[in-house]
Amino acid sequence: MVEPGGRIVCWRGHAPAKLNLTLRVFGKRPDGYHELETVMAAIDWVDDIELELTPGGRGEIRMELLGDVPEGLVSGPENLAWMAAQRFLEGTGWSGAIGIRLTKRIPAGAGLGGGSSDAGAVLRGLSAATGLELDRSVLLEMAQAIGSDVPFFITDNSAAVCRGRGELIDECANGLEGMPIVVVYPGFGSSTRAAYAGFKKPLSPPAWNPTIFLDFLKKGSLRQVADCLTNDLAGPVTAKFPFLELVRKALIEGGALGASMTGSGSAFFGLFADELVAEGVSRDLRGRLGPAARVHCGRFLDSGVWRGSCDGDHRCGGA
Ligand code: C5P
């Protein structure tokens, strides 16, 4: 909380990556976006966010980037975390200085939603740390204005069905929380715009329907969920980067029950029943891929674990 007397207040939270377990694209809309339906789930590959708030200023934003900073990512107004702080200031009229210290781990251009998650965490953090505790509908509106994936990261749940251009959220149960995953970033990014531009309607619809899929997910039926993994953008992206199909095959040959691309790529992920098998394939892929690649061996997140905490007595410093 921002405390009387102008004390500096600090908020800390995690910004998790997401995986698209299913992603179906239904065609282009008059506004240029594509209508889609996707089931997203949060994972334990996280960026860290620290916010330092000094009441009484004129809405200055400062930002510091640390960690595994993706090439081209700037600590300025083009950064989605900065945009989120800007939206918050404009939307609430809160006057004070905001310091953002962002420790990056999630690669950019990977389809993992790292930038969107940073923005979501900043919005949630500012809402809590200023004491304004904005309604979820207000936060969602700010999130939608920043990007299609940002609303998912406003929710407390670890999984959701996202429709529209991705911004209409229905939280859903994820019975796979805690289950092992391996995520492979191949060392290069994929353009979201290009992936959608290359989309062609699949010849046949998937053999499952969304209600059945959500039931499998709720029950944590790993085998069935793995069989349903779908991504309508994988065709155009693997046509451009055939190497990614080898990554998918390597995950399956290494013991994944299913493997698919997340979002518009370039990252692929595999679902595993056994942690040791997941660790084995991760070691193998780290040895085979170049130094720019990243292989994350982790888990689906439990709901709510990325809620941040506010500590009025602690000075973050730095940012
Ligand atoms: O919303 P976001 O800025 O992340 O989207 C980046 C680009 O991806 C858009 O400008 C658009 O070309 C494409 N896109 C789309 N349909 C969506 C989401 C994104 O065509 N549902």
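Residues numbered from 1 in each chain as written. Predicted model: local features only at pLDDT ≥ 70, side-chain atom pairs only at ≥ 80, totals over all residues.

Student: For this particular structure, what's the right way to read the overall build of the protein?
Tutor: For the protein, the helix and strand inventory stands at 9 helices and 12 strands. Radius of gyration (C-alpha) of the protein: 19 Å, near the 20 Å computed for a compact globule of 319 residues. Seen along its three principal axes, the alpha-carbon backbone of the protein occupies a region of about 60 × 45 × 35 Å. Across the protein, contacts joining residues at least 24 apart in sequence account for 76% of those joining residues at least 6 apart. (Helix = DSSP H or I, 4+ residues; strand = E, 2+ residues; numbered from the N terminus. Rg over C-alpha atoms; globule rule 2.2 N^0.38 Å. Contact = placed C-beta atoms within 7 Å.)

Student: Please clarify how the nonpolar core should be interpreted in this entry.
Tutor: For soluble globular proteins, the rule of thumb is that nonpolar side chains tend to be buried together. Core analysis: the biggest nonpolar cluster contains 89 residues, and Ile43, Leu51, Ala85, Val122, Leu123 and Val182 have the highest contact counts within it. Sort the elements by how many residues they give to this core and strand S2 (residues 34-55) lands first, with 11 residues. Shared between two domains, this core holds at least three residues of each, these being domain 1 (9-171) and domain 2 (180-299). When near neighbours in sequence (up to four residues on either side) are disregarded, isoleucine 43 contacts Pro16, Ala17, Lys18, Leu19, Ile181, Val183, Gly298, Arg299, Phe300 and Leu301. (Core = buried A, V, L, I, M, F, W, Y, C linked by C-beta atoms within 7 Å. Buried ≥ 20, exposed ≤ 12 C-beta atoms within 10 Å, placed from the backbone. Domains from an automatic or database assignment.)

Student: Would you mind going over the sheet that holds strand S7 (residues 180-185) with me for this structure?
Tutor: Sheet strands pair by backbone hydrogen bonding; their relative direction is either parallel or antiparallel. Taken together, the 4 strands give an open sheet; going across it, the order is S9-S10-S7-S11, and neighbouring strands pair in antiparallel fashion. The two strands at the open ends of the sheet, each matched to only one other strand, are strand S9 (258-261) and strand S11 (294-299). Sheet twist, expressed as the mean angle between neighbouring strand axes with direction ignored, is 20 degrees. As paired strands, S9 and strand S10 (residues 268-271) are joined by 4 bridges and run antiparallel to one another. Directly across from alanine 259, in S10, lies its bridge partner glycine 270. (Pairing = 2+ DSSP bridges. Axes fitted to C-alpha atoms, helices over the stretch in contact; angles between N-to-C directions.)

Student: Where do I start with the packing of helix H1 (residues 80-92) against helix H2 (residues 114-129) in this structure?
Tutor: The description of two helices packed together rests on the angle between their axes and the distance between the axes. At a closest axis distance of 7 Å, the pairing of H1 and H2 adopts a crossing angle of 30 degrees. You can see that H1 and H2 cross each other, and the crossing is right-handed. In contact with Leu80, Ala81, Met83, Ala84, Ala85 and Phe88 of H1, H2 contributes Gly115, Ser116, Asp118, Ala119, Val122, Leu123 and Leu126. Residues of the contact of H1 with H2, tallied by class, amount to 10 nonpolar, 2 polar and 1 charged. (Left-handed = near helix turned anticlockwise from the far one by under 90°. Nonpolar A, V, L, I, M, F, W, Y, C, P; charged D, E, K, R; others polar.)

Student: Would you mind going over the site of the ligand with me for this structure?
Tutor: Around the ligand, a shell composed of Tyr33, His34, Leu36, Gly147, Ser148, Asp149, Arg165, Gly166, Thr192, Arg193 and Tyr196 is seen. Elements supplying a minimum of two residues to the shell around the ligand: S2 and helix H4 (192-197). In terms of residue count, the dominant contributor to the shell around the ligand is H4 (3 residues). Its residues assigned to classes, the shell around the ligand comprises 3 nonpolar, 5 polar and 3 charged. Counting contributing residues per domain, the shell around the ligand is built from domain 1 (9-171) and domain 2 (180-299), each supplying no fewer than three. (Near = placed C-beta within 6 Å.)

Student: Is there a simple way to explain helix H9 (residues 275-288) in this structure?
Tutor: An α-helix turns once every 3.6 residues. As a result, residues three or four positions apart point the same way. Its 14 residues place the ends of H9 20 Å apart at the C-alpha level, agreeing with the 20 Å of an ideal helix rising 1.5 Å per residue. Those residues of H9 not exposed but buried are Ala278, Val281, Ser282 and Leu285. Across the axial projection of H9, the buried residues extend over an arc of 105 degrees, all falling on one side. What points out from H9, more than 90 degrees from its buried face, is the exposed set Leu276 and Gly287. (Expected span 1.5 Å × (residues − 1). Arc of directions from axis to C-beta.)

Student: Help me understand the domain arrangement of the protein in this model?
Tutor: It is common to give the size of an interface as the accessible area lost on bringing the parts into contact. Per the domain assignment, the segments of the protein are domain 1 (9-171) and domain 2 (180-299). The gap between the C-alpha centroids of domain 1 and domain 2 is 23 Å. Contact residues are listed per partner, giving 22 residues for domain 1 and 30 residues for domain 2. A total of 7 residues in the side of domain 1 that touches domain 2 trace back to one element, the largest contributor, which is strand S1 (residues 9-28).

Student: What is the right way to read the environment of alanine 121 from this model?
Tutor: Looking at the secondary structure, you find alanine 121 in helix H2. Since 30 C-beta atoms lie within 10 Å of it, alanine 121 is described here as buried. The spacing of alanine 121 and glutamate 50 is 71 residues in sequence and 9.6 Å in space, taken between C-alpha atoms.

Student: I keep staring at the environment of alanine 42 and nothing clicks. Help me out?
Tutor: Mapped onto the elements of the fold, alanine 42 is located in strand S2. Each C-alpha atom of the pair alanine 42 and proline 186 lies 20 Å from the other, and the pair is 144 residues apart in sequence.

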